[in-house]
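Now for the letters of each chain:
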Amino acid sequence: MNDNVRSKDRILELAPVDNATALSAQGQPDKRLFTGEQKLHIKMDPSTSLWYCQWEKNGLLPGGLEGRFTGFKAAIKHAEDYFRRRNVKITQVKD
């Protein structure tokens, strides 16, 4: 088995930035993002090989997180930039 093969569905763990108020697009953060009750996935579509973000539970994805990316690195950078503007950091990526 090749240990370098990573999952096509990766889960992001999020946390508020120290000494800052986490903000959503509406001004209020979804506390479930930090408790693990709501999780953000970055998935690869097997038919197009493009990566995209998706909530684990139902919910509308903010417009700033929508998009399709040619690689995981581009998708994670996009998510990092989005959350940085909202005082949220990605603490871990799980396969």
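An account of the accompanying structure is given in this report. (Residues numbered from 1 in each chain as written. Predicted model: local features only at pLDDT ≥ 70, side-chain atom pairs only at ≥ 80, totals over all residues. Heavy atoms only, no water.)

Let us now look at the nonpolar core. Within the largest apolar cluster, 20 residues are counted, with the highest numbers of intra-cluster contacts made by Leu12, Leu40, Ile42, Trp51, Leu65 and Phe83. For this core, the elements supplying multiple residues, two or more each, are β1 (9-16), β2 (40-44), β3 (51-55) and α2 (72-84). For this core, the element with the most residues is α2, which contributes six residues. (Core = buried A, V, L, I, M, F, W, Y, C linked by side-chain atoms within 4.5 Å. Buried < 20%, exposed > 50% of the residue type's maximum accessible area, 1.4 Å probe, protein only. Helix = DSSP H or I, 4+ residues; strand = E, 2+ residues; numbered from the N terminus.)

Along the polypeptide, Thr21 turns up in the loop between β1 and α1 (32-35). With a relative accessible area of 56%, Thr21 lands in the exposed category. Here Thr21 is in contact with Arg86 and Asn87, once residues within four sequence places are set aside. (Contact = heavy atoms within 4.5 Å.)

With 13 residues, α2 ought to run about 18 Å at 1.5 Å a step, and its terminal C-alpha atoms sit 18 Å apart, in line with that. Restricting attention to buried positions, one finds in α2 the residues Phe72, Ala75, Ile76, Ala79, Tyr82 and Phe83. All buried residues of α2 fall inside an arc of 120° around its axis, so they share one side. Turned more than 90 degrees from where α2 packs its buried face, Lys73 and Arg84 sit exposed. (Expected span 1.5 Å × (residues − 1). Arc of directions from axis to C-beta.)

The residue Glu13 is located in strand β1 in this model. The class of Glu13 is partly exposed, set by a relative accessible area of 26%. Separated by 28 residues in sequence, Glu13 and His41 place their C-alpha atoms 9.3 Å apart. Other than its neighbours up to four places away in sequence, Glu13 contacts Lys89, Ile90, Thr91, Gln92 and Lys94. In this structure the side chain of Glu13 is engaged in a polar contact, spanning 2.6 Å, whose partner is the side chain of Lys94. (Polar contact = N/O pair within 3.5 Å; in protein donor to acceptor, adjacent residues only side chain to side chain.)

This brings us to the side chain of Gln38. Take Gln38: it is sitting in the loop between α1 and β2. Here Gln38 falls in the buried class, since its relative accessible area comes to 3%. Other than its neighbours up to four places away in sequence, Gln38 contacts Arg32, Leu33, Trp55, Glu56, Lys57 and Asn58.

Purely spatial values, then, with no claim about function.
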